[in-house]
Amino acid sequence: MSAQQPSGPQLPDSERDEWHVGGRTLRSRLLIGSGRFKSFDELDAVIAAAQAEVVTVSLRRVDSKGGGAALLEVLRRRGCHLLPNTSGCYSADDAVRIAELAREAGYGDWVKLEVIGDPGSLYPDGEETLLAARQLVASGFAVLPYCGDDPVLARKLEDVGCAAVMPLAAPIGSGLGLCNPHRIAMIVAAVRVPVLVDAGIGTASDATRAMELGVTAVLLNTAIAEAGSPQHMAAALRHAVQAGRLAYRAGRMATRDGAQPSSPTSGAIGGLAGP
């Protein structure tokens, strides 16, 4: 399967501001998952179109029989940072064990911590996530925990030493977008570590809206993998994240209850100023 990266103007260096997480400096604010793609060629084209620097990979998937080596080769060729995740874990003990086994296998000390509390909604278990985060931080991991849109839990995760917090926008794989932007904005205001919106993003406008709230970055998978053209959606999301970040840095205008003319009325030519 051959694919060409969508072309388009690149943002000046001054507008593509760097950010830091887990001891690494990044330029892209779009992180992507590696699941659900039809082939490794498709994943390779998507990474190129998204200009992603970080790709998250399920540790259970890498360790399975189905193509772990091929997946890691795609990431190596693209120069991506691997962000292993503990998806499929339902307890702190399970998540910690998987992360430690992965580090021993050479996958590094970055981990996207996922501890699911409900198999139907796939909502995270805050209590078990906090417990696992405390243990993993103490063991030297850079922990990026997937969590609910709860500013109190986000502060607690920061307090135990997490490198970032990753609140959901909506249930995993739902594509519902930002269900509660006010809560996400509260988390941005509550913590000093990077805030990465994770799960539920469905299309480019969802990513832009998240970035306009001041989040540091967006992580998504299904929005690209299940799009009609994953490569083009990856490019759209790249531009959407950049646009949202620039809008946040620019500072949006204040909202008003009524209209206000965009042109001054004083000094208008006689008879044209209205009533």
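Procedures and definitions
- In this numbering scheme, every chain counts its residues from 1 along its sequence in written order.
- Totals for whole chains, interfaces and linings use all residues, but because this is a predicted model, local features are given only for residues with pLDDT of at least 70 and pairs of side-chain atoms are given and counted only at 80 or more.
- Each side-chain value is derived from all of the structure's non-hydrogen atoms; neither hydrogens nor water enter the calculation.
- For cavity detection a 1 Å grid was placed over the protein atoms alone, and a set of points counts as a cavity when a 1.4 Å probe fits there but cannot get out; an open set counts as a pocket when protein lies on both sides within 12 Å along at least five of seven lines, with lining residues being those that have an atom within 4 Å of a point.
- Grid points are joined across faces, edges and corners, and a volume is the space filled by probe spheres set on the points.
- A run of DSSP states H or I qualifies as a helix once it reaches four residues; a run of E qualifies as a strand once it reaches two. Both are numbered from the N-terminal end.
- For Phe, Tyr and Trp, where Trp contributes only its six-membered ring, two rings pair if their centres lie within 6.5 Å, and the inter-plane angle classes them as stacked under 30 degrees, edge-to-face over 60, or tilted in between.
- Charges are assigned to positions over rings by a cutoff of 6 Å between ring centre and Lys NZ or Arg CZ, combined with an angular limit of 35 degrees from the ring normal.
- Using a 1.4 Å probe on the protein chains alone, a residue whose accessible area is under 20% of its type maximum counts as buried, one over 50% counts as exposed, and one in between counts as partly exposed.
- Remark: nonpolar core denotes a set of buried residues (Ala, Val, Leu, Ile, Met, Phe, Trp, Tyr, Cys) joined through side-chain atoms within 4.5 Å.
- Contacts: residue pairs with any heavy atoms within 4.5 Å of one another.

Colleague: Pulling in residues and values, what's your account of empty space enclosed by the protein?
Modeller: Tallied over the full model, the rule gives 2 cavities of 30 Å³ or more. For the second largest cavity, the full set of lining residues is Leu-59, Pro-84, Ala-99, Ala-102, Arg-103, Tyr-107, Gly-108, Trp-110, Val-111 and Phe-141. For the lining of the second largest cavity, the secondary structure elements donating two or more residues are α4 (92-104) and β6 (110-113). Per element, the largest residue contribution to the lining of the second largest cavity is 3 residues, and it comes from α4.

Colleague: Report on the packing of aromatic side chains, specifying residues and quantitative values.
Modeller: The tally for this structure, following the rule as stated, stands at 0 aromatic pairs. A cation sits over an aromatic face here: Arg-103 above Phe-141, 3.9 Å from the ring centre. For Lys-112, the ring lying beneath its charged end belongs to Tyr-146, and the centroid distance is 5.9 Å.

Colleague: Any chance you could break down unusual backbone geometry for me, citing the residues and the numbers?
Modeller: For Gln-51, which is not glycine, the phi torsion reads 50° and is therefore positive. Position of Gln-51 relative to the elements: it lies in the loop between α1 (40-50) and β4 (54-58). Judged by its relative accessible area of 18%, Gln-51 falls in the buried class. The phi angle at Ala-199 is positive, at roughly 85°, despite the residue not being glycine. Within the fold, Ala-199 resides in the loop between β9 (196-198) and α8 (204-212). Residue classification places Ala-199 among the buried positions, given a relative accessible area of 9%.

Colleague: I'd like a description of the nonpolar core, backed by residues and values.
Modeller: In this structure, Ile-32, Val-165, Ile-224 and Leu-237 are the most contacted members of the largest nonpolar core, which totals 68 residues. Apart from residues no more than four positions distant in its own chain, Ile-224 is found in contact with Ile-32, Phe-37, Val-46, Pro-230, Met-233, Ala-234 and Leu-237. Counting residues in each nonpolar core, the second largest holds 15 residues, with Leu-83, Trp-110, Ala-163 and Ala-164 among its members.

By themselves, these are just geometric observations and shouldn't be taken as functional.
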